[in-house]
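# Overview (structure and organization)
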Amino acid sequence: MNPKDYSGELWCDGEAIAYHAAIGDWSVRISEVRLIGEYTNSDGPYVDDYFLVFLTAPENGWHEASFYAKGRDQMLEVLSRSIEAHLECGLCNSTHHKSRIMWPPHCKDQELMEVLPPEKHSLWHRHTDSGASDIRLSAVARQAFEK
């Protein structure tokens, strides 16, 4: 069985967006969502590597769902009608880290996240650190919460 069969289920009833998956469930009211985005990483093809995000706040307001979740297209159709904006995924051919804001319109197609290179302060750090990068919301995404 393909691991992506476990990507969960995503739906929208016009009032709220909900996600059910083995890693956890969440639900958020559409009226609370301030930014919708998508991102990919290089973890595929055997695990999910493409995600939709619904942000209600810049800190602790991150609601993430696998792009491969059942019901994704129907959820996007209902959500598009609810926010009166066409939502379309645009990173389908990316195999490395890439991100994009889908909504609000004044931020559309801008970067959702910035990847910061790891800081290597000492020789010990350079040889023992995993090399993982820090990721944060882009300046454009942070500004969406100031309006």
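Residues numbered from 1 in each chain as written. Predicted model: local features only at pLDDT ≥ 70, side-chain atom pairs only at ≥ 80, totals over all residues. Heavy atoms only, no water.

What follows deals with the pairing of strand β5 (residues 50-55). With 6 of its 6 residues buried, β5 lies for the most part within the structure. As paired elements, β5 and strand β6 (residues 62-66) share 5 bridges and run antiparallel to each other. Following the sheet pairing, V53 is matched in β6 by E64. As consecutive antiparallel partners, β5 and β6 are separated by 6 residues, and within that stretch N60 has a phi angle of approximately 60°, a positive value. (Buried < 20%, exposed > 50% of the residue type's maximum accessible area, 1.4 Å probe, protein only. Helix = DSSP H or I, 4+ residues; strand = E, 2+ residues; numbered from the N terminus. Pairing = 2+ DSSP bridges.)

A word on the pairing of strand β1 (residues 9-12). Alternating positions in β1 separate cleanly, L10 and C12 being buried on one face and E9 and W11 remaining unburied on the opposite face. Of the pairings in the sheet, the one linking β1 to strand β2 (residues 16-20) comprises 4 bridges and is antiparallel in character. Within the sheet, the bridge partner assigned to W11 lies in β2 and is A18. Here β1 folds back onto β2, and the loop between the two strands holds 3 residues, one of which, G14, carries a positive phi near 95°.

Moving on: unusual backbone geometry. Of note, the amide linkage connecting W103 to P104 takes the cis form, showing an omega dihedral of 20°. Topologically, P104 is positioned in the loop between β7 (98-103) and β8 (113-116). Positioned with a positive phi, E84 is a non-glycine residue whose angle comes to about 55°. For E84, the position within the fold is in the loop between α1 (72-83) and β7. Positive phi values are uncommon outside glycine, yet D109 reaches one of about 70°.

Pairing is antiparallel across the open sheet formed by 4 strands, whose spatial order is β6-β5-β4-β7. Of all strands in the sheet, those with a lone pairing partner are β6 and β7, marking the two edges. Strand-to-strand, the axes of this sheet are offset by a mean angle of 25°, without reference to chain direction. On the sheet, α1 packs against β4 (35-40), β5 and β7 and is oriented at approximately 30° with respect to β5. (Axes fitted to C-alpha atoms, helices over the stretch in contact; angles between N-to-C directions. Contact = heavy atoms within 4.5 Å.)

What the rule picks out here adds up to 5 salt bridges. We note a salt bridge from D73 to R72, for which the minimum N-O separation is 2.9 Å. Here D109 ties to R100 by a salt bridge, and the two come within 2.7 Å at their closest N and O atoms. (Salt bridge = Lys/Arg side-chain N within 4 Å of Asp/Glu carboxyl O.)

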